[in-house]
Amino acid sequence: MKFSPLGRSGLSVSRVCLGTMTWGTQNTQAEADEQIEYALSEGINFIDTAEMYSVPPTAESYGKTEAIIGNWIERNAARRDEFVLATKIAGPGLSYIRNGSPISRKTIIEAVDTSLARLKTDYIDLYQLHWPNRTSPHFAKHHPNMLQFSCVDAAKESDGMLDILYGLDDCIKAGKIRHFGLSDDTPWGINEFLRLSDKHNLPKPVSIQNEFSLLHAKDWPYLIENCVHQDVAYLPWSPLATGALTGKYLDGARPEGSRWGFAQRHGLFRDTELANEAVKSYLEVAKKHNLSLAHLALAWCDQVDGVTSTIIGATSMSQLKEDIDAFKNPLSEAVLEDVMAVYKRYPMPY
């Protein structure tokens, strides 16, 4: 297993991060235990979760994944230091989580304490803001004029971000969290947090996790360039585009128990005719080079300059093993050339 610095944190994390969002809905405690044990045996030292998991997010599934991880930690307390544990505070909009309130100093302290109790640990290595208080151009809101940035009160947003930083600082000083990161944010969000951190001598973000895959590479190059030069780790989530880049959803297929068979909070916005055609073309490239489509997509993501650690998730051990193995076998220049030929035809299919 290869490792990379987690931004400015001083931590070193595996190039593969074990995502956990299906644990509690699609996966049981026993299955999660097996995934954790296998991931650790393969050298993975980075596990990512969130208070709002498992998914699809509901009042009933809220907190289930953290509780499952906590049950493993409670039974394996001596092994807590074997991995970097990351979780997230939910942003505004979910009525069953703090009445849908925005992230603030007060809610961070409350949420950290609740997550620590569920996780049955004394500290969280990386505490992330799951999405910003302002509406950000993610989850199919990234096309021109879908958002009106000129109508945003930047000063008000900045004041809220400063309040958040004070809450994070409180938790770091109390030893409850070690570092903080962002998620589903933008270059402006990164840089405003950095500016406020410098001005007020407060903690700086060490990472950001955003959706990134062959079907959704909008962070290249501008946000990733920003991350590289500001020493902010870039952590792609959904490198398989919620499973689309395995080919299992081609032409409307819905395998029993698969994620697209569940109701989705943001709908199936990734399920477009253009995305379907792109997946077919990538599948042809994979077959030409005797690779699985998942291997192609994951290895490509790992080989993008500026990527720190790619977050994978699986509902079966066979999927998990295939995903991890993809990082052991980089794509050749010939494969990368064929991939880019397809990418240029379908740069943003959803």
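The present account deals with the structure reproduced in this document.

Conventions used here
Residues numbered from 1 in each chain as written. Predicted model: local features only at pLDDT ≥ 70, side-chain atom pairs only at ≥ 80, totals over all residues. Heavy atoms only, no water. Helix = DSSP H or I, 4+ residues; strand = E, 2+ residues; numbered from the N terminus. Buried < 20%, exposed > 50% of the residue type's maximum accessible area, 1.4 Å probe, protein only. Areas by Shrake-Rupley, 256 points an atom, 1.4 Å probe, with all protein chains shown as cover. Lys, Arg positive; Asp, Glu negative; His and termini not counted. Charge placed at Lys NZ, Arg CZ, Asp CG, Glu CD. Contact = heavy atoms within 4.5 Å. Pairing = 2+ DSSP bridges. Axes fitted to C-alpha atoms, helices over the stretch in contact; angles between N-to-C directions. Phe/Tyr/Trp six-rings, centres within 6.5 Å; stacked < 30°, edge-to-face > 60°. Right-handed = clockwise from strand over helix to strand, strands pointing away.

**A short note on the overall build of the protein chain**
The helix and strand inventory of the protein chain stands at ten helices and ten strands. When its C-alpha atoms are laid out on the principal axes, the protein chain stretches across 55 × 50 × 35 Å. Taken across its 350 residues, the protein chain has 57% of its residues classed as buried. Accessible surface, the protein chain: about 14500 Å² in total, of which carbon and sulfur atoms supply 51%. For the protein chain, the distance from the average site of its 35 positive side-chain charges to the average site of its 44 negative ones is 2 Å.

**A look at the environment of H216**
Within the fold, H216 resides in the loop between β8 (205-211) and α6 (222-230). Residue class for H216 comes out buried when judged on its relative accessible area of 1%. Along the sequence, H216 and V232 sit 16 residues apart, while their C-alpha atoms lie 20 Å from each other. Apart from residues lying up to four places away in sequence, H216 is in contact with H142, E211, M348 and Y350.

**Here we look at the sheet that holds strand β6 (residues 124-129)**
Ordered in space as β9-β8-β7-β6-β5-β4-β3-β10, the eight strands form an open sheet in which the pairing is parallel. Each of the sheet's edge strands pairs with one partner strand only, and the pair in question is β9 (233-237) and β10 (310-312). Each strand axis lies, on average, 30° off the axis of its neighbour in the sheet, ignoring direction. One ladder, built from three bridges, connects strand β7 (residues 177-183) with β8; its direction is parallel. When the bridges of β8 are listed, L182 appears paired with I208.

**Section: unusual backbone geometry**
Across the junction of Y53 and S54, the peptide omega takes the value 20°, indicating a cis bond. For S54, the position within the fold is in the loop between β4 (46-48) and α2 (64-75). In this structure, the amide linkage connecting V55 to the following residue, P56, adopts the cis form with an omega of -5°. You will see that D231, though not glycine, has its phi angle at about 60°, which is positive. As for its placement among the helices and strands, D231 is situated in the loop between α6 and β9.

**Things to note about the packing of aromatic side chains**
To describe a pair of aromatic rings, you give the distance between the ring centres and the angle between the ring planes. With the rule as written, the count across this model stands at eight aromatic pairs. Note on F180 and F193: the rings are 5.9 Å apart at their centroids and 65° apart in plane angle, and the pair reads as edge-to-face. In this pair, F180 sits in strand β7 while F193 sits in helix α5 (residues 187-200), placing the two residues 13 residues apart along the sequence. The two residues F180 and F193 agree in class, both being buried.

**Things to note about the pairing of β8**
With seven of seven residues buried, β8 is to be regarded as a mostly interior element. A crossover connection joins β7 to the parallel β8 through α5; in handedness this β-α-β unit is right-handed. Across five bridges, the pairing between β8 and β9 is parallel. For S207, the partnering residue across the bridge sits in β9 and is A233.

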